Amino acid sequence: KIVCELLSSFLHDFASWDLESSDESDTSSLAFHKLKHCFRSFRILLQYHDSELFNRLESMGLEPNMYATSWFVTLFARNFSVEATYALWDNMIVENDRSDFFFFATALLVSRRELLMQVNEAHLPEEILNLRAETKEEVSALWAWGIKLKQN
């Protein structure tokens, strides 16, 4: 029971777009609205921190909702190893700032910039969808990069 309560609290704090509203008829609309807001915020961060990469993705019609949905809905659990996921979630809990998650996601893309700028256009969507971290060291480096982006 304690684990379920902790998970519920974690999701409420960091993935509130997944939570149901008190009005069941409004649940999907509210969650979708919150998720759209996350995509807009993330899009602005990427445009600000790496306009060239942003322009490449946009010119190909690759908007955040096409590749970042699983990142945001699962808080990277779908793409990352268990070790990396726990490391990310630990950072999120310790720092307790929702915006850090979006800077982390931006850092993930920017850190793979060279690959994403050079990969064949036909393979770009697949490359983005398969971005991952395997170790806590990778997550720590990306987290630090995200914090630097946030400070700029």
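If you're wondering where the values come from, they're calculated on a predicted model, not measured in any experiment. (Residues numbered from 1 in each chain as written. Predicted model: local features only at pLDDT ≥ 70, side-chain atom pairs only at ≥ 80, totals over all residues. Heavy atoms only, no water.)

Caution applies to low-pLDDT parts of the model: their predicted coordinates are not meant to be read in detail. Residues of the chain with pLDDT of at least 70 account for 80%, and the chain-wide mean is 86. Looking over the chain, one finds the lowest element-wise mean pLDDT in helix 1 (residues 2–14), namely 59, and the highest in helix 10 (residues 136–151), namely 97. Across residues 18–22, confidence stays below pLDDT 50; counting only partners more than four residues off in sequence or on other chains, it has 7 contacts. (pLDDT = per-residue confidence, 0-100. Helix = DSSP H or I, 4+ residues; strand = E, 2+ residues; numbered from the N terminus. Contact = heavy atoms within 4.5 Å.)

Attention now goes to the packing of aromatic side chains. Following the criterion strictly, the structure yields 15 aromatic pairs and no others. Centroid distance F39 to F72: 5.6 Å. Interplanar angle 25°. Geometry classified as stacked. Here F72 lies in helix 5 (residues 69–74) and F39 lies in helix 2 (residues 27–49), a separation of 33 residues in the sequence. A single burial state applies to F39 and to F72, both of which are buried. Feature note: the residues F39, F42, Y67, W71, F72, F76, F80, F101, F102, F104 and W143 constitute an aromatic cluster, connected by ring pairs. (Phe/Tyr/Trp six-rings, centres within 6.5 Å; stacked < 30°, edge-to-face > 60°. Buried < 20%, exposed > 50% of the residue type's maximum accessible area, 1.4 Å probe, protein only.)

Residue position: N79 is located in the loop between helix 5 and helix 6 (82–95). Residue classification places N79 among the buried residues on the basis of a relative accessible area of 2%. Apart from residues lying up to four places away in sequence, N79 is in contact with S70, W71, L129, N130, L131, R132 and A133.

Another point: the nonpolar core. In this structure, W71, F72 and L109 are the most contacted members of the largest nonpolar core, which totals 40 residues. Those elements giving two or more residues to this core turn out to be helix 2, helix 3 (51–59), helix 5, helix 6, helix 7 (98–111), helix 9 (124–129) and helix 10. Examining the composition of this core, we find that 9 residues originate from one element, helix 7, more than from any other. (Core = buried A, V, L, I, M, F, W, Y, C linked by side-chain atoms within 4.5 Å.)

One way to put it is that helix 7 packs onto helix 10 with a least axis distance of 8 Å and a crossing angle of 110°. Accordingly, the angle class assigned to the pair helix 7 and helix 10 is roughly perpendicular. Of the residues in helix 10, those touching helix 7 at S99, D100, F103, F104, T106, A107, L108, V110 and S111 are V139, L142, W143, W145, G146, I147, L149 and K150. Considering only residue class, the contact of helix 7 with helix 10 consists of 11 nonpolar, 4 polar and 2 charged. (Axes fitted to C-alpha atoms, helices over the stretch in contact; angles between N-to-C directions. Parallel < 35°, antiparallel > 145°, perpendicular 65-115°, else oblique. Nonpolar A, V, L, I, M, F, W, Y, C, P; charged D, E, K, R; others polar.)

Let us look at unusual backbone geometry. Positive phi, close to 50°, is recorded for L75, a residue that is not glycine. Assignment of secondary structure puts L75 in the loop between helix 5 and helix 6. The backbone of F76 sits at a positive phi, close to 70°, despite the residue not being glycine. Turning to its location among the elements, F76 is positioned in the loop between helix 5 and helix 6.

In total, this model carries 7 salt bridges according to the counting rule given. For R43, the salt bridge goes to E58, with nearest N and O atoms at 3.0 Å. Placement of R43 in helix 2 and of E58 in helix 3 is noted, with a sequence separation of 15 residues between them. For K150, the salt bridge is made with D97, and the minimal N-O distance between the two is 2.5 Å. Here D97 lies in the loop between helix 6 and helix 7 and K150 lies in helix 10, a separation of 53 residues in the sequence. (Salt bridge = Lys/Arg side-chain N within 4 Å of Asp/Glu carboxyl O.)

Okay, helix 6 next. Residue pairs three or four apart in sequence face the same way in an α-helix, which turns once every 3.6 residues. Here helix 6 is 14 residues long and its end C-alpha atoms lie 20 Å apart, about the 20 Å a rise of 1.5 Å per residue gives. For helix 6, the complete set of buried residues consists of A84, T85, A87, L88, N91 and M92. Down the axis of helix 6, the buried side of the element spans an arc of 165°, and every buried residue falls inside it. Exposed and oriented more than 90 degrees from the buried face of helix 6 are V82, Y86 and V94. In the stretch just after helix 6, N96 is the one whose phi turns positive, near 55°. (Expected span 1.5 Å × (residues − 1). Arc of directions from axis to C-beta.)

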